[in-house]
Amino acid sequence: MKKLAVLNNKGGVGKSTVSVQLSHGLAKLGFKILLIDLDGQNDSSLFLGITEEDYKNTFYELVDRRSNTPVKDCIINVRENLDLIPNKHIDQINAEFYREPRIDLVLNEKLQGIEKFGYDYVIIDCGPQRTKINDAVLCYIDKIIMPVQVEAASVRAVGGIYEYLSDLRLSADKIGLIIPNMFDQRTNDAKENLQFLTEFFSDKKDIITDPINRRVKITEAGKLGKTVFEYDNEAADQFFKVLERLVNVLG
């Protein structure tokens, strides 16, 4: 079971969109996936068409010391081969994690037993801030998938993940895949930023995927609670190329 975090310290780079598309894409390829929504806006859930009326328990019930809710009661099925743990009360979850004496062990404890469900991948959609939640996620996962919007501010922010890992005394090798996102091939600025990103990772060329082009259809799909695999074939083809790299590089 591979444990992956979709993470970038900068907001607005498409983390939830990437989390949902990769999760459903892997599910369509026959892998069994658990997607954990730990972004405060609940976008992964919403982009899959899931609202609060569709579930009773969330990640909050899983970590609430008063609840004693088992992990199996927090999991809902949202597509064939794709399960979801939604969330609410993200600030309270973060507060709970501040009380934990071993942040490096907390997710292993809270998610104990999910291996028996036969998941091939656990994918965690993370918020952009440095939080105790993200500290715990980085200690738990095997690799980071980092969507990077192909614009100057986002590309420059890549170094922040290295600093974050260093502060937690974790290896930079946790960065497993870089996805250039929202690429506008019509502009020289986007091309220059993509080139900079490629040069930045010139010693690890395999971890940079083909860019995901900016497409209105991707945004439309999310608003309708659908994935690109249900809504737009051209966008789906782009994500399938990323999925091929993910499986080959991360296993």
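This write-up is about the structure you can find in this document. (Residues numbered from 1 in each chain as written. Predicted model: local features only at pLDDT ≥ 70, side-chain atom pairs only at ≥ 80, totals over all residues. Heavy atoms only, no water.)

**Quick word on the overall build of the protein**
Formally: Strands here are runs of E lasting at least two residues and helices are runs of H or I lasting at least four, both read from the DSSP assignment and numbered beginning at the N terminus. Here the radius of gyration uses the C-alpha set of atoms, whereas the globule reference equals 2.2 Å times the residue count to the power 0.38. Each residue is placed in one exposure class: buried if its accessible area under a 1.4 Å probe, protein chains only, is under 20% of its type's maximum, exposed if it is over 50%, and partly exposed if it falls in between. The Shrake-Rupley method, run with a 1.4 Å probe sphere, supplies the accessible areas, and residue values consider only the shown protein chains as cover. His is not counted here, nor are the chain ends, while Lys and Arg score as positive and Asp and Glu score as negative. Charge placement uses NZ in Lys and CZ in Arg. For Asp and Glu, CG and CD serve respectively.
When you go through the protein residue by residue, the secondary structure sums to 11 helices and 7 strands. Here the C-alpha atoms of the protein give a radius of gyration of 17 Å, agreeing with the 18 Å that 2.2 N^0.38 yields for 251 residues. Summarising its shape, the C-alpha atoms of the protein cover approximately 55 × 40 × 30 Å along the three principal directions. Counting only residues that meet the buried cut, the protein has 54% of its 251 residues in that class. For the protein, the computed accessible surface area is about 11500 Å², with 44% contributed by carbon and sulfur atoms. Computed over 33 positive and 38 negative side-chain charges, the separation of the two mean positions in the protein equals 1 Å.

**Topic: helix α9 (residues 188–200)**
This is how the line gets drawn: The span one expects for a helix is its residue count, reduced by one, times 1.5 Å. The reported arc concerns the directions from the helix axis to the C-beta atoms and nothing else. The contact definition used throughout considers only heavy atoms, calling two residues in contact when any of these lie within 4.5 Å.
Under the 1.5 Å per step criterion, the end-to-end length of α9 is 18 Å for 13 residues, consistent within 8% with the ideal 18 Å. Within the sequence span of α9, burial applies to Ala190, Asn193, Leu194 and Leu197. The buried residues of α9 occupy an angular sector of 100° when the element is viewed end-on, so they sit on one face. Facing away from the buried side of α9, by more than 90 degrees, are the exposed residues Asn188 and Glu192. Elements that come into contact with the buried residues of α9 comprise β6 (143–149), α7 (152–156) and β7 (175–181).

**Comments concerning the side chain of Asp39**
Inclusion rule: We count a salt bridge whenever a side-chain nitrogen from Lys or Arg sits within 4 Å of a carboxyl oxygen from Asp or Glu.
For Asp39, the position within the fold is in the loop between β2 (33–38) and α2 (43–47). Look at Asp39: it is buried, it has no salt bridge, and the nearest opposite charge is Lys15 at 5.3 Å. Setting aside its immediate chain neighbours within four residues, Asp39 contacts Ser16, Asn87, Asp125, Cys126, Gly127 and Pro128.

**Section: the sheet that holds β6**
Worth spelling out the cut-off: Strand pairing follows a simple DSSP-based rule, namely that at least 2 bridges must link the two strands. Helix axes are fitted only over the stretch in contact, all axes being lines through C-alpha atoms; the angle between N-to-C directions runs from 0 to 180 degrees.
One open sheet accounts for 7 strands, arranged β3-β4-β2-β5-β1-β6-β7; its pairing is mixed. Of all strands in the sheet, those bounded by a partner on one side alone are β3 (76–79) and β7. Taken pair by pair, the neighbouring strands of this sheet meet at an average axis angle of 25°, ignoring direction. Sheet topology note: the β2/strand β4 (residues 82–85) ladder contains 4 bridges and is parallel.

**Here's the deal with the pairing of strand β5 (residues 121–126)**
Across the 6 residues that make up β5, a large majority, 6, are buried. The alternating pattern of β5 places Tyr121, Ile123 and Asp125 on one face and Val122, Ile124 and Cys126 on the opposite face, and all of these are buried. In the sheet, strand β1 (residues 2–6) pairs with β5 via 5 bridges, with the strands oriented parallel. Of the residues in β5, the one forming a bridge with Ala5 is Ile124. Bridge count between β2 and β5: 6 bridges; the pairing is parallel. Bridging from a neighbouring strand, Asp37 pairs with Asp125 of β5.

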